[in-house]
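This is what each chain is made of:
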Amino acid sequence: MKKLLVLAMMLSVAFVACEKSEDDDSNDPQKIGIVGEWYSSGTNVAPLLASLGIDSIYAKFNKDNTYQVESFSDGAKTTLTGTYVQTKSGVGNIWNITLNQTSPTALTSQGIFEIDATKNPYTMNYEVAQTEPQIAGVTPPTAQDGFGSTSGGANGTTNVQKYIKIVR
């Protein structure tokens, strides 16, 4: 009987040790930000991008601060790659992001994103604008001015992209 009791206690300890820690924040968007895979299609595609014929976008932001974005237009795929830096803005749950694209052409974009962790799967609002080379009249959105603030709000929310997190 003692052996069974000891075995049962050992098994319960093993199961507790295998449970996910409450401190495991590898999926907490308030800690990891944009890291992960995201998808946008249909009405979630920013109207500005939809007007260019883009019908869906897949984005993967890696822990090593590299990214790959694939956009699709009439079945044709365009792949963008580079590195990114994200920082908490201090305004609500909005983060700042700078993207340094290396392929197919070198350019820099800046913007903001916000992840809604109350939804399952998570959703994200994302707005960026090219800053280098500079485009006349285009300025990046800011956390202080919120979504729709590209170019001082001149285009409203037409540049706001909506993503859904891919959970595997």
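Quick caveat: nothing in here was measured; it's all calculated off a predicted structure.

(A) Structural detail: the environment of Ala76. Mapped onto the elements of the fold, Ala76 is located in strand β4 (residues 76-88). Assessed through its relative accessible area of 46%, Ala76 is described here as partly exposed.

(B) The sheet that holds strand β5 (residues 94-103), seen in detail. Pairing is antiparallel around the closed barrel formed by eight strands, whose spatial order is β1-β2-β3-β4-β5-β6-β7-β8. Adjacent strand axes in the sheet meet at a mean angle of 30° when their direction is disregarded. Pairing of β4 with β5 involves eight bridges; the strand directions are antiparallel. Directly across from Val85, in β5, lies its bridge partner Thr98.

(C) Up close: the pairing of strand β8 (residues 161-165). Side-chain alternation along β8 places Gln161, Tyr163 and Lys165 on a buried face and Lys162 and Ile164 on a face that remains uncovered. Pairing of strand β1 (residues 36-41) with β8 involves two bridges; the strand directions are antiparallel. Bridge pairing in β8 places Tyr39 opposite Ile164. Both strand β7 (residues 123-132) and β8 contribute to a ladder of four bridges, which runs antiparallel. The residue of β8 that forms the bridge with Thr123 is Ile164.

(D) Structural detail: the environment of Tyr67. Looking at the element boundaries, Tyr67 is found in strand β3 (residues 66-73). Here Tyr67 falls in the buried class, since its relative accessible area comes to 6%. The spacing of Tyr67 and Gln101 is 34 residues in sequence and 8.7 Å in space, taken between C-alpha atoms.

(E) Representation of the packing of aromatic side chains within the structure. Here the structure, examined in full by the defined rule, presents five aromatic pairs. Between Phe61 and Tyr84, the aromatic rings sit 5.3 Å apart at their centres with planes inclined by 90°, giving edge-to-face as the arrangement. Residue Phe61 is located in strand β2 (residues 56-61), and its partner Tyr84 is located in strand β4; the two are separated by 23 residues in the primary sequence. Given the relative accessible area of 3%, Phe61 is considered buried. A residue is classified by how much of its surface remains accessible, and Tyr84, at 2% relative accessible area, is buried. Their ring planes at 85° and their centres at 5.7 Å tell us that Tyr126 and Tyr163 sit as a pair that is edge-to-face. Residue Tyr126 is found in strand β7, and its partner Tyr163 is found in strand β8; the two are separated by 37 residues along the sequence.

(F) Up close: the nonpolar core. Of all hydrophobic cores here, the largest spans 21 residues; its most connected members are Ile34, Phe61, Ile97 and Tyr126. For this core, the elements supplying multiple residues, two or more each, are β2, β3, β5, β6 (107-116) and β7.

Each value, and the rule that gives it
- Residues numbered from 1 in each chain as written.
- Predicted model: local features only at pLDDT ≥ 70, side-chain atom pairs only at ≥ 80, totals over all residues.
- Heavy atoms only, no water.
- Helix = DSSP H or I, 4+ residues; strand = E, 2+ residues; numbered from the N terminus.
- Buried < 20%, exposed > 50% of the residue type's maximum accessible area, 1.4 Å probe, protein only.
- Pairing = 2+ DSSP bridges.
- Axes fitted to C-alpha atoms, helices over the stretch in contact; angles between N-to-C directions.
- Phe/Tyr/Trp six-rings, centres within 6.5 Å; stacked < 30°, edge-to-face > 60°.
- Core = buried A, V, L, I, M, F, W, Y, C linked by side-chain atoms within 4.5 Å.

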